[in-house]
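The lines below spell out each chain.
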Amino acid sequence: MSTVAAPALSVKNLTTEIRSRDQWHQAVRDVSFDIVQRETVALVGESGCGKSLTALSIMALLPPGVGRIVGGRVSADGQLISGIADAEMEKIRGSRIGMVFQEPMTSLNPVLTVGFQIAEPLLYHRDLSRRAALARAVELMDLVRIPSAAQRINDYPHQFSGGMRQRVMIAMALACAPKVLIADEPTTALDVTIQAQVLALLAELQRSAGLAVLLITHNLGVVASVADRVLVMYGGDVVESAAMPDLFQRPTHPYTTALLAAMPRSDRSSETIAPIPGQVPALAEMPVGCRFQSRCPLREVRCVERPPLRPIDAAGTHHVRCWVTGGAP
Amino acid sequence: MSPTTTTVTITNSPPTRISTWSRIRTSPAVLAGVAICFTLIVLAVLAPWIAPYDPNRQGLGIQLADPSGAHWLGLDSFGRDVLSRIIWGARISLWVGVVATLAAMLVGSTIGIIAGYFGGTIDRVITMLTDILLSFPQLVMGLLLVAVLGASLTNIILAIAVTAAPAFIRLARGSTLAMRERDFIDAGRALGFSDMRIMFVHVAPNILDEIIVMGSLWVATAIRTESTLAFIGLGVPPPTATWGGIIREGFEFLNDNYLLAVFPSLAILITMIALNLIGDGLRDATDPRAPQ
């Protein structure tokens, strides 16, 4: 029997707290997932649901004094990377795990050339010579489809459009050939046509490099087009996790159902869009038990106790955290 | 006819750096300042060849003689050629002004970036010490340091650098605080860069223009401080020619020949004006709120 390879990224029972008004509140609760190579896992949810915080926790980039990991473990390729020394973590960030941010307009240093910024991780992590790193930067710019890369290597970020800058960000994140890419709302700030191009590029790079991708988004359309597996988050909890077509075909948690009903779709008239009533409570005011209960149409008495994340299908790939809808298969 | 493909490259905004340069280049005030400073630097560097006489050679003629064809700016109380002494004095003044300012820029900015970047206790301690230094009038501080260290060229540079550093600490700290919130700093961290690299490769070039503007203005202040120290007798010891020193000597013989004090004062005045023209021009050119 061959040994099963460790997942490229594994998150187990991650719990993260953030501080507001001198009180620590759980903003990511007991989140677990694995991503294997060539797989895209999407974290979906509204603003403040803890999806970006999950990414920052994995990268150990929580601002000190504001956020802290209080439980769980993160490992990459079977190696524990949570709770390790800063110096050790610096060797993993950018080298073994790349990250792409939401704002390509501001995530590049305005006074450094694009070529240098793409070459910099190679200079820093791989000790390449300047010449070799810049040569590699041109290849990377070609790889992310930046036209006439060799001519543009000495250009500054302000000479690039938003979509091109996001390509630069992707090239930077992939410079050291990491196995894991965390993309935090990579297309949110882009025009719709550019979004599609950037997503197609990410998908292509993923196939060719065998990347494991953690995609963080609030856009279900993006999820539908690229994800293999989806984790829906609400109030720091994973409320539903399912393989890709399954989630859209059989949304089970009341929040997932509501989220899909609230999504504008070309095959439905706009009158059928149903907004979710109420708003996400502040962390300090989160209800005890199921955190969605204050907005849930199916609320019952037992919802004051926190439901477990239970499988609802025989294969055990579709999990739901709900007393009412998440019964055994 | 075959279809033609036209490639259009659109640059969304004109590069700010170029417009900064064009604003500097087209400002007559800045150009005048640059011309004067350039002349001064040439004079200072070429002093051994340009100065008509040895600045320390005594008894060239009648003591305190008026300007004449042989001695354009006259002679001092030892019969030394004043023009030669002023040209040689430019070396000291410019050297002290530039080196002290560069030292203050380098050390002050580094400390300021560290304070602004790390924040917390480090920042509080640095800010407190800076405030203490800033509470002394600059001249008093310089005086105190030279008095303690002893008057020599190195000590004067050191003293002036120490008095100038707090201004750079404050500037760099403030700019770094603003820079720290920028997304590209987080992006750098996500790429695994060390704090050192983020501070000095990513933050520093972004705040450099402000530091250079400040530096150009501080060169003038440093030269003025050096001259003042020399005037009150805490400059580079005689017989070395310094502008402040010549004024001091002239001041003693004000009733006999007031020109001896006037010429070095003019030299200082012209230098101050030139440096401030450059500094103000740079400031205006890099000011984002300035009308385009």
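See the structure shown above.
The structure displayed is predicted, hence computed values, not measured ones.

## Structural notes on the packing of aromatic side chains
Move 1: The final tally for this structure, using the stated rule, is seven aromatic pairs over all chains.
Move 2: Their ring planes at 85° and their centres at 5.2 Å tell us that Tyr 117 of chain B and Phe 118 of chain B sit as a pair that is edge-to-face.
Move 3: For Tyr 117 of chain B, a relative accessible area of 5% puts it in the buried group.
Move 4: By relative accessible area, Phe 118 of chain B is classed as partly exposed at 37%.
Move 5: Members of the aromatic cluster, connected to one another through ring pairs, are Tyr 234, Tyr 255 and Phe 292 of chain A.
Move 6: Above the face of the Trp 88 of chain B ring, Arg 91 of chain B is positioned so that its terminal group lies 5.0 Å from the ring centre.
Move 7: Looking at Arg 197 of chain B, its charged tip hangs above the ring of Phe 193 of chain B, at a distance of 5.6 Å from the centre.

## Re the environment of Gly 59 of chain B
Residue and element names in this part refer to chain B.
Move 1: On the secondary structure map, Gly 59 appears in the loop between helix H3 (47–50) and helix H4 (82–118).
Move 2: Its relative accessible area of 56% is what places Gly 59 among the exposed residues.
Move 3: Sequence spacing of Gly 59 and Gly 233 is 174 residues, and the spatial spacing of their C-alpha atoms is 23 Å.
Move 4: For Gly 59, the residues in contact, after removing those within four places along its chain, are Phe 78 and Gly 79.

## Quick notes on the sheet that holds strand S2 (residues 23–35) of chain A
Residue and element names in this part refer to chain A.
Move 1: If you trace the four strands from one edge of the open sheet to the other, you get S2-S1-S4-S5, paired in antiparallel fashion. Among the strands making up the open sheet, the edge pair consists of S2 and strand S5 (79–80).
Move 2: Taken together, the two bridges between strand S4 (residues 67–76) and S5 define a ladder with antiparallel strand orientation. Residue pairing in the sheet places Ser 75 in a bridge with Leu 80 of S5.
Move 3: Packed onto the sheet, helix H1 (residues 51–58) meets strand S1 (9–20), S2 and S4 and runs at close to 110° relative to S1.

## Here we look at the interface of chain B and chain A
The figure often quoted for interface size is the accessible area lost as the parts come together.
Move 1: Between chain B and chain A, the residue contacts involve 22 residues of the former and 28 residues of the latter.
Move 2: Of the roughly 2000 Å² buried where chain B meets chain A, counting both sides, 59% is carbon and sulfur surface.
Move 3: In this assembly, chain B and chain A are joined by one salt bridge.
Move 4: Residue Arg 197 of chain B pairs with Glu 120 of chain A through a salt bridge whose shortest N-O separation is 2.6 Å.
Move 5: Our enumeration of links across chain B and chain A arrives at ten residue pairs in polar contact (both at pLDDT 80 or more).
Move 6: Secondary structure elements with two or more residues in the side of chain B that touches chain A: helix H8 (183–190) and helix H9 (195–231) of chain B.

## Observations regarding the pairing of strand S6 (residues 97–100) of chain A
All names here are of chain A.
Move 1: Side-chain alternation along S6 places Ile 97 and Met 99 on one buried face and Gly 98 and Val 100 on a second face that is also buried.
Move 2: Sheet topology note: the S6/strand S7 (residues 180–184) ladder contains four bridges and is parallel. Bridging from a neighbouring strand, Gly 98 pairs with Leu 181 of S7.

## Regarding the packing of helix H6 (residues 138–149) of chain B against H9 of chain B
The relative placement of two packed helices is expressed as an angle between their axes plus a distance between the axes.
Residues and elements named next belong to chain B.
Move 1: Where H6 contacts H9, the axes come no closer than 10 Å and their chain directions differ by 55°. As summarised for this structure, H6 and H9 are arranged oblique, according to the angle between their axes. Of the two possible hands of crossing, H6 and H9 adopt the one that is right-handed. Contact residues: H6 offers Gln 138, Leu 139, Gly 142, Leu 143 and Val 146, while H9 offers Trp 218, Thr 221, Thr 225, Thr 228 and Leu 229.
Move 2: Grouping the amino acids of the contact of H6 with H9 by side-chain chemistry returns five nonpolar, five polar and no charged.

Conventions adopted
Residues numbered from 1 in each chain as written. Chains lettered and ligands numbered in written order. Predicted model: local features only at pLDDT ≥ 70, side-chain atom pairs only at ≥ 80, totals over all residues. Heavy atoms only, no water. Phe/Tyr/Trp six-rings, centres within 6.5 Å; stacked < 30°, edge-to-face > 60°. Buried < 20%, exposed > 50% of the residue type's maximum accessible area, 1.4 Å probe, protein only. Lys NZ or Arg CZ within 6 Å of the ring centre and 35° of its normal. Helix = DSSP H or I, 4+ residues; strand = E, 2+ residues; numbered from the N terminus. Contact = heavy atoms within 4.5 Å. Pairing = 2+ DSSP bridges. Axes fitted to C-alpha atoms, helices over the stretch in contact; angles between N-to-C directions. Buried area = accessible area lost by both parts, 1.4 Å probe. Salt bridge = Lys/Arg side-chain N within 4 Å of Asp/Glu carboxyl O. Polar contact = N/O pair within 3.5 Å; in protein donor to acceptor, adjacent residues only side chain to side chain. Parallel < 35°, antiparallel > 145°, perpendicular 65-115°, else oblique. Left-handed = near helix turned anticlockwise from the far one by under 90°. Nonpolar A, V, L, I, M, F, W, Y, C, P; charged D, E, K, R; others polar.

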